[in-house]
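Descriptive analysis of the structure
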Amino acid sequence: MEKYRLLTGVLLFWWAVACTPRSDGFVIRGEFTDASDGLQLMVSENVPVMKSWFIDTVDVINGKFTYTGKLEHPEMLVFSLMKGEDFLGSFGILMDNSHVRIAGSIKNLASVKIEGSKTNDEYVRIMKKGESVFEAFNQIEARRNEALKTDKQLYAALAGEYDAAYEKVKEYVLGAENYSTNKAIPYIIFSNFNVTRPAMLEELLTALDSSQYEDPYIKHLSADLAREKKIGIGAMAFDFELPDVDGKIFKLSDYRGKYVLIEFTASWCGWCKKEIPYLQQLYNETKGKNLEMFTIYVDKDRNTWLNDMNEHSLPWTVLCDLKALDSPVGKGYNVHGIPAIFLIAPDGTIKAKGLRGEYMIKTVKGLLDK
């Protein structure tokens, strides 16, 4: 009897340890009921700055796998199931340093059962409860993106509906239980909001408890917001120095007294190519007026840059330092997506940004004609 009690005590102790969040790291154990041989899980981090597409690989043996690690803060880990070069699907976990168990079918990875991470449980609860709010926003965003390709008037007409849906997403997230200290909230903010809506992002960040400030998602967004404030309307524009194809250096401050249009583009950017006819029209219709135009490529390969530049034969000045968005000028204007078009006033301040198409032409010509 005493031996039985001792064995039971050891088993209970082992189970308590196994199911307690680990202070020294995490353990993920999983099982797929219908797995075959030759499967691997490719592990990715959905973090602000990805160092590589995959950070690790995990072999699935007899349908089972184990993955361990250690995190300083909760982080979204994405597991992509591969068989050779065939992608079979993926699932994500907002992981903390816990003992997690995963079970499910490789035929439906989006519905695998994940148990053990309190942070992931909270993330799933918030997203599930707000499903209708997020879905409504996703639908209007998809409609607006499609309209941008085919119907610019419809795109503009949908702006109000888009803004209202986005506002509802913000209000829902802000109303989440224990918002200020909830460990799932930093990733939710990161994956749904950015500096394209600085006032909205600032409201979300300001409402957080100071205990969240060191979270990498929040640190990234806070730094991004600080940079965005530096390129607000009326702020002094970053004074770039960049070479053209012949190595001649162009400095923004040398053009004080003129309006300066700056367009960020790249050889691989299809949307940028759609702006070229509008830029060409603006150039032709403002010749002899108080305007200088620059196109800045965010490419890294010189030959790729030159081939694209020569193909389009832009008549205004084209610049590139071959540092992509790591360039000081890209950071100075907080460029994340392209095309990005800024208008600099004669006094060196930012007069307008986010310019596109007919709106760009109307805005610039309106100022030049005053």
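Everything numeric here is computed off the predicted structure, so don't read it as measured data.

This part covers the state of the cysteines. One pass over the full model with this rule turns up one disulfide. Disulfide pairing places Cys 269 opposite Cys 272 at an S-S distance of 2.2 Å. On the sign convention where negative means left-handed, the S-S torsion of about 80 degrees between Cys 269 and Cys 272 marks this disulfide as right-handed. Judged by its relative accessible area of 1%, Cys 272 falls in the buried class.

The buried fraction of strand S5 (residues 75-83) is high, at seven of nine residues. Note: strand S2 (residues 39-46) against S5, eight bridges, orientation antiparallel. Following the sheet pairing, Glu 45 is matched in S5 by Leu 77. Between S5 and strand S6 (residues 86-95), which pair antiparallel in sequence order, lie two residues; one of them, Gly 84, sits at a positive phi of approximately 65 degrees.

This brings us to the environment of Tyr 217. In this fold, Tyr 217 is placed in helix H8 (residues 216-229). Spatially, the C-alpha atom of Tyr 217 lies 21 Å from that of Lys 128, the residues being 89 residues apart in sequence. Contact partners of Tyr 217, with chain neighbours within four places excluded, come to Asn 46, Val 47, Pro 48, Pro 74, Glu 75, Met 76, Pro 186, Tyr 187 and Phe 190. One polar contact links the side chain of Tyr 217 to the main-chain amide nitrogen of Met 76, over a distance of 3.1 Å.

Let's shift gears to the pattern of salt bridges. Overall, the coordinates contain 19 salt bridges when judged by the stated rule. Across the salt bridge formed by Lys 258 and Glu 292, the nearest N and O atoms sit 3.4 Å from each other. Note that Lys 258 is positioned in the loop between strand S10 (249-251) and strand S11 (259-265) and Glu 292 in strand S12 (residues 291-297), a separation of 34 residues in sequence. If you follow the salt bridges from partner to partner, you end up with Glu 167, Lys 170, Glu 171 and Glu 203 in one network.

Another aspect to go through is the packing of aromatic side chains. Per the stated rule, a full pass over the model turns up 23 aromatic pairs. Aromatic side chains Phe 250 and Phe 294 sit 5.9 Å apart centroid to centroid with 70 degrees between the ring planes, which places their arrangement in the edge-to-face category. Of this pair, Phe 250 sits in strand S10 while Phe 294 sits in strand S12, and the two are 44 residues apart along the sequence. Like Phe 250, the residue Phe 294 is buried in the burial classification. Counting every residue linked through ring pairs, the aromatic cluster contains Phe 26, Tyr 67, Phe 79 and Phe 91. One Lys or Arg, Arg 144, reaches over the ring of Tyr 162 and ends 4.9 Å from the middle of that ring.

The rules behind the values
- Every residue gets a number counted from 1 within its own chain, in the order that chain's sequence is written.
- Per-residue local features of the predicted model are confined to residues with pLDDT of at least 70, and side-chain atom pairs are confined, for both listing and counting, to 80 or more; whole-chain, interface and lining totals are unaffected and use all residues.
- Excluded from the side-chain calculation are hydrogens and water; included are all heavy atoms of the structure.
- Cysteine sulfur pairs qualify as disulfides if the two atoms are within 2.5 Å.
- Burial here depends on accessible area, computed with a 1.4 Å probe over protein chains only, as a share of the maximum for the residue type. Under 20% is buried, over 50% is exposed, and the range in between is partly exposed.
- Secondary structure elements follow DSSP: runs of H or I no shorter than four residues count as helices, runs of E no shorter than two count as strands, and numbering proceeds from the N terminus.
- The pairing criterion is simple: DSSP has to find at least two bridges between the two strands.
- The contact rule is simple, with two residues in contact once any of their heavy atoms fall within 4.5 Å.
- Distance and chemistry together define a polar contact, namely a pair of N or O atoms within 3.5 Å, with one atom able to donate a hydrogen and the other to accept it when in protein, and with adjacent residues in sequence counting only for side-chain atoms on both sides.
- Salt bridge, as used here: a side-chain nitrogen of Lys or Arg that lies within 4 Å of a carboxyl oxygen of Asp or Glu.
- Stacked, tilted and edge-to-face are the three classes applied to pairs of Phe, Tyr and Trp rings, where Trp contributes its six-membered ring and a pair requires centres within 6.5 Å; stacked means planes under 30 degrees apart, edge-to-face means over 60, and tilted covers the rest.
- When the NZ atom of lysine or the CZ atom of arginine is within 6 Å of a ring's centre and also within 35 degrees of its normal, the charge is said to sit over that ring.

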